[in-house]
Each structure stands twice: as structure tokens, then as C-alpha cells.
Amino acid sequence: MAALFEPFDLAGTRLNNRIVMAPMTRARAKGDVPDEMGALYYRQRASAGLIISEGSPISREGQGYLFNPGIYGPDQIAGWKKATQAVHERGGVIFCQTWHVGRVSHTSIQQNGAAPISSAAKQGGMAFGYNEDGQPDMMAATTPRAATTEECRRLVNDFAQAALNARNAGFDGVELHGANGYLLEQFINAGLNDRTDEYGGSRENRCRLLLEAIDASIALIGAHRVGVRLTPYGTLFDMPIYDDIEGTYLYLAAELSKRDLAYVHLMDQGAQGQDGLPREFLRRFRDAYHGTLLFAGNLDKAEAHKLVDDGVIDLPVFGRPFTSNPDLVERLQNDWPLAEFDPDTFYGGDARGYVDFPTYEEEQARLAREKMLAEKS
Ligand SMILES: Cc1cc2nc3c(=O)[nH]c(=O)nc-3n(C[C@H](O)[C@H](O)[C@H](O)COP(=O)(O)O)c2cc1C
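As annotated in an unreviewed UniProt entry, the protein chain carries the name Alkene reductase and is attributed to Salinicola socius. The annotation that UniProt attaches to the protein chain under Sequence similarities (unreviewed entry) is "Belongs to the NADH:flavin oxidoreductase/NADH oxidase family."

In C-alpha cells form, the structure reads like this:
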């Protein structure tokens, strides 16, 4: 049996176990600044071997949804310190997911009402901005404009600066968000990217922005503190399927192998109602990538054990179960039942469905108390 509950060496950072909490947007940060409630949420989940934070916009331009805690302003860095400190106090490790949504945004939340930027001037996806009545609302993303070559270089710097900001906020590292139809994938995807400069066309050119952003982050905080998330075969937010998917991601596997990263994180979008990532491809990627491999998508304990035992992945990543089970690690370890997650409270709102899920032991203690009181009366 795989040592899921044994420590793991993540490029020199010791994880208490191999269970990873997936990045999950919860959209509760007022003014886009991380607060005490967010710190409590992460503290509650700090028995995870590694927590990857919710996507954290690297700039105002990189934001596609209201109430996401960013990692570009001084107040945001100060706010995140509360969360990283809370996780460290419990012996946990936390990486920041550095995020630019690209075209999945809306003029109502961009600086001076500007259009979002992307690899190409093609509309796609839904954003969460302000509607015509000034109310927060889900709306079709605004048609973006294609970033200039100069702007691509600036985007690389924005990712690097975010990595530095994350370290200053106390994060143990960053995970560049190269997945789920956002900016970096908008460049990787040959069906979307129609550029004629060095950031479009060939495999090498389409992957250039991602690799440059990784290299620039490495230069500032070290390769052992940099990870990246990818979704091969991803179709979220209208990403087209294209002929060179497999070749593109195997090229990336080879390039990323050269960089001694903290990890590469693959996500299967099957759980998001999209077509899944073929398991045969996961194995081919594993063979091509010579480093720590994380994998997310509808995992349970048995499947996590199997994938690690078979040598297909190193660290299993759990998303939705962590929303309703702050002590997911203890529950999996002891085979305690899991509390069901509640999709209605995934995004936005208040403490409800966010920081009010008890641990299994708290729940048992409450039930015992109730039973005792009932017997007395
Ligand atoms: C509420 C919610 C928010 C999410 N936000 C993000 C995010 O910010 N960044 C990201 O890369 N993936 C995000 N995801 C995807 C998860 O990281 C994860 O890959 C997905 O839920 C599949 O894992 P699961 O089946 O264990 O839930 C989100 C998923 C959920 C349910």
C-alpha cells in the first residue's frame, strides 16, 4: 500500500503526508483582499500535506471574477500573511496559485473599463462582474483583444512579481495556473491562438509564455518553490480540441523535466462535466515527466492509493471533499465517513458552507452531547 499518510519530500520542503488540497476559488474576499475568515478556512484544512490556495489574480487585469483575493497589492500581501501564518502554525505547507484569466473577464472589473487581453481576439467563457444595474452577476466574458508582443513580456514579469509577492506573503511556493481555459492555456491552445509572433504558431511558440513565466518565477524564488497546473484535453471555457494536444503536452513534459520544479499538477476536467483526461495519456505524461506529479479529478482514497501504488502519480489532489471535510486527511486515514459537499455554497456568500463544517471528532462530540441531554430530559 502506498504511504499516503507518510511524509513526502517536495523538492526539499517536507510535507506531513501526500494528501493535497486542490486550488478552489471561494469568492468571499471583500475588496479582493484576503481576510480573517479566509485565514480560518485554510487553518482548518492545514492537516493536508500541501494546500494550494484558491486562484489568486496576479494583477487587476488578470481578474475575471469579483471577490477573489489577489496577490498584487500591498494590502493583499498583508492579508495573505494571516492565512500562511495560520497554516504554518499547524505544521502545514501552502503554495499560492498565481492566476491570470486572460479573456475570461469583463470590462466592468477591468481598469478603466478596458477589454480583457488574450492570445487572440476571440470571445469565450463567463465572467463574474457588475451588470448594467451595478449588481454582481455572471455574464458572458467581453471580447478580448490580442496582447501585443511587448505585453507578453510584461505578463511574464507580472507572473514573476506575483511569485515574489507570494513569498513575501509567507507562501512556501507558487503554482502557476496554466489550466482550465485561462490565459496561459489560451496561448498553449492551437485552436485558439492565431498569433504570428514568437508567441503563436509552433508548439514551442505556443508554450513560450508559460515557460517564460515559469523561468521568470524560478529566477526570483527558486525552482524548488515553483509548480504548474495543466489540463491537457481541457475544454473548459470554450477551449477547442486541436490535433497537436498530445504532442504539445509531451513537449511541455520534456521542457518541464529540465527545470527541477517543485511539481507538475495535472487536472482531469471530467469532474467539471467536461470530457476527461484519458488515463493512457496520464501514463504517457508520467513517463515523459521526470519529477513529482500531482493529479486531481474525482479521486477517492482507493483510486488515490491505486494511482500512487502503480507509480502513475506521486501526490493525489482532492478538491470538493476538502470544502466539507476540513479534516479530510484524518477521515481518509481512519476510514471515517465523509461529509457531503454543498455546491450551492461553493462560490460567494458568507461563513455558511465555508468555515462551519465540523471535523469528524467535533461532530461525534456534538452527537454524544445531544444524546446525553436527550437521555436526561
Ligand atoms: C468550488 C471550486 C473552485 C475551484 N477553483 C479552482 C481554482 O481556483 N483553480 C483551479 O485550478 N481549479 C479550481 N477548481 C478545480 C479543483 O481544483 C479540482 O481540480 C476539481 O474540483 C476536481 O477535483 P475534485 O473532483 O476532487 O473536486 C475548483 C473547483 C471547485 C469545486
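(A) Seen up close, the overall build of the protein chain. Scanning the protein chain from terminus to terminus reveals 12 helices and 14 strands. Against the compact-globule benchmark of 21 Å for 377 residues, the protein chain has a radius of gyration of 20 Å, which places it among compact chains. The proportion of buried residues among the 377 residues of the protein chain is 58%. Of the contacts made within the protein chain by residues no fewer than 6 positions apart, 73% connect residues no fewer than 24 positions apart.

(B) A look at the site of the ligand. P23, T25, R229, N298 and R320 are the nearest of the 21 residues found near the ligand. In this structure, an oxygen atom belonging to the ligand sits 2.7 Å away from a main-chain N or O atom of N298. For the ligand, whose accessible area on its own is 610 Å², the fraction buried by protein is 95%. A majority-of-atoms criterion places the ligand in the largest pocket. In terms of residue class, the shell around the ligand is made up of 10 nonpolar, 9 polar and 2 charged.

(C) Inspection of the packing of aromatic side chains at higher detail. Tallied over the full model, the rule gives 15 aromatic pairs. With centroids separated by 5.0 Å and ring planes inclined at 70 degrees, the aromatic side chains of Y41 and Y42 adopt a geometry described as edge-to-face. Under the relative-accessibility criterion, Y41 is labelled buried at 0%. Here the aromatic residues Y41, Y42, W80, F171 and Y354 are joined through ring pairs into a cluster of three or more.

(D) Inspection of the pattern of salt bridges at higher detail. Applying the stated rule across the entire model yields 24 salt bridges. D194 serves as the salt-bridge partner of K122, at 4.0 Å between the closest nitrogen and oxygen. With K122 in the loop between strand 6 (117–118) and strand 7 (126–130) and D194 in the loop between helix 4 (183–188) and helix 5 (203–206), this pair connects stretches of sequence that are 72 residues apart. Note that D244 and R206 form a salt bridge whose closest N and O atoms lie 3.0 Å from each other. Residue D244 is found in the loop between strand 11 (226–230) and helix 7 (245–257), and its partner R206 is found in helix 5; the two are separated by 38 residues along the sequence. Of the residues examined, D244 reaches a relative accessible area of 21% and is grouped as partly exposed. We classify R206 as buried; its relative accessible area is 3%. The network of salt bridges with shared partners includes E61, R145, E151, R154 and D158.

(E) Just the layout of surface pockets, in detail. Looking at the largest pocket, its volume works out to about 890 Å³. Around the largest pocket, the lining comprises 35 residues; the ones closest to its centre are P23, M24, T25, Q272 and Y347. For the lining of the largest pocket, the elements supplying multiple residues, two or more each, are strand 5 (94–99), strand 14 (315–318) and helix 10 (320–324). Element by element, the count of residues in the lining of the largest pocket is highest for helix 10, at 3 residues.

(F) Geometry of the UniProt feature "domain: NADH:flavin oxidoreductase/NADH oxidase N-terminal" (unreviewed entry) in the protein chain. Under the UniProt annotation, the feature "domain: NADH:flavin oxidoreductase/NADH oxidase N-terminal" (unreviewed entry) is placed at residues 4–336. Within the segment residues 4–336, helix and strand shares are 34% and 18% respectively, and the terminal C-alpha atoms sit 16 Å apart.

(G) Expanded view of unusual backbone geometry. Although it is not a glycine, F237 adopts a positive phi angle of roughly 55 degrees. One can find F237 in the loop between strand 11 and helix 7. Of note, N298 is a non-glycine position whose phi angle comes to about 60 degrees, a positive value. Positionally, N298 belongs in the loop between strand 13 (293–296) and helix 9 (301–309).

(H) Geometry of the nonpolar core. In this structure, L230, L256 and V264 are the most contacted members of the largest nonpolar core, which totals 81 residues. Filtering out sequence-adjacent residues up to four positions away, L256 remains in contact with L211, I214, V228, L230, L261, V264 and Y289. Of all hydrophobic cores here, the second largest spans 15 residues; its members include L50, L294, L315 and V317.

(I) Expanded view of the environment of G102. Turning to its location among the elements, G102 is positioned in the loop between strand 5 and strand 6. The class for G102 is buried, based on a relative accessible area of 0%. When the C-alpha atoms of G102 and P74 are compared, they prove to be 23 Å apart, with 28 residues separating the residues in sequence.

(J) Summary view of the sheet that holds strand 13. Around the barrel, 8 strands lie side by side as 3-4-5-10-11-12-13-14; this closed barrel has parallel pairing. Where strand 10 (residues 173–178) meets strand 11, 5 bridges bridge the pair, whose relative direction is parallel. Bridge pairing in strand 11 places V174 opposite V226. Against the sheet, helix 3 (residues 149–168) contacts strand 5 and strand 10, and its axis sits at roughly 155 degrees relative to strand 5.

What counts as what
- Residues numbered from 1 in each chain as written.
- Predicted model: local features only at pLDDT ≥ 70, side-chain atom pairs only at ≥ 80, totals over all residues.
- Heavy atoms only, no water.
- UniProt positions renumbered as here; feature names shortened; annotations may be inferred.
- Helix = DSSP H or I, 4+ residues; strand = E, 2+ residues; numbered from the N terminus.
- Rg over C-alpha atoms; globule rule 2.2 N^0.38 Å.
- Buried < 20%, exposed > 50% of the residue type's maximum accessible area, 1.4 Å probe, protein only.
- Contact = heavy atoms within 4.5 Å.
- Near = heavy atom within 4 Å.
- Polar contact = N/O pair within 3.5 Å; in protein donor to acceptor, adjacent residues only side chain to side chain.
- Areas by Shrake-Rupley, 256 points an atom, 1.4 Å probe, with all protein chains shown as cover.
- 1 Å grid on protein atoms, 1.4 Å probe; cavity = no way out; pocket = protein on both sides within 12 Å on 5 of 7 lines; lining within 4 Å.
- Sits in = over half its atoms within 2 Å of the grid points.
- Nonpolar A, V, L, I, M, F, W, Y, C, P; charged D, E, K, R; others polar.
- Phe/Tyr/Trp six-rings, centres within 6.5 Å; stacked < 30°, edge-to-face > 60°.
- Salt bridge = Lys/Arg side-chain N within 4 Å of Asp/Glu carboxyl O.
- Points joined across faces, edges and corners; volume = space filled by probe spheres on them.
- Core = buried A, V, L, I, M, F, W, Y, C linked by side-chain atoms within 4.5 Å.
- Pairing = 2+ DSSP bridges.
- Axes fitted to C-alpha atoms, helices over the stretch in contact; angles between N-to-C directions.

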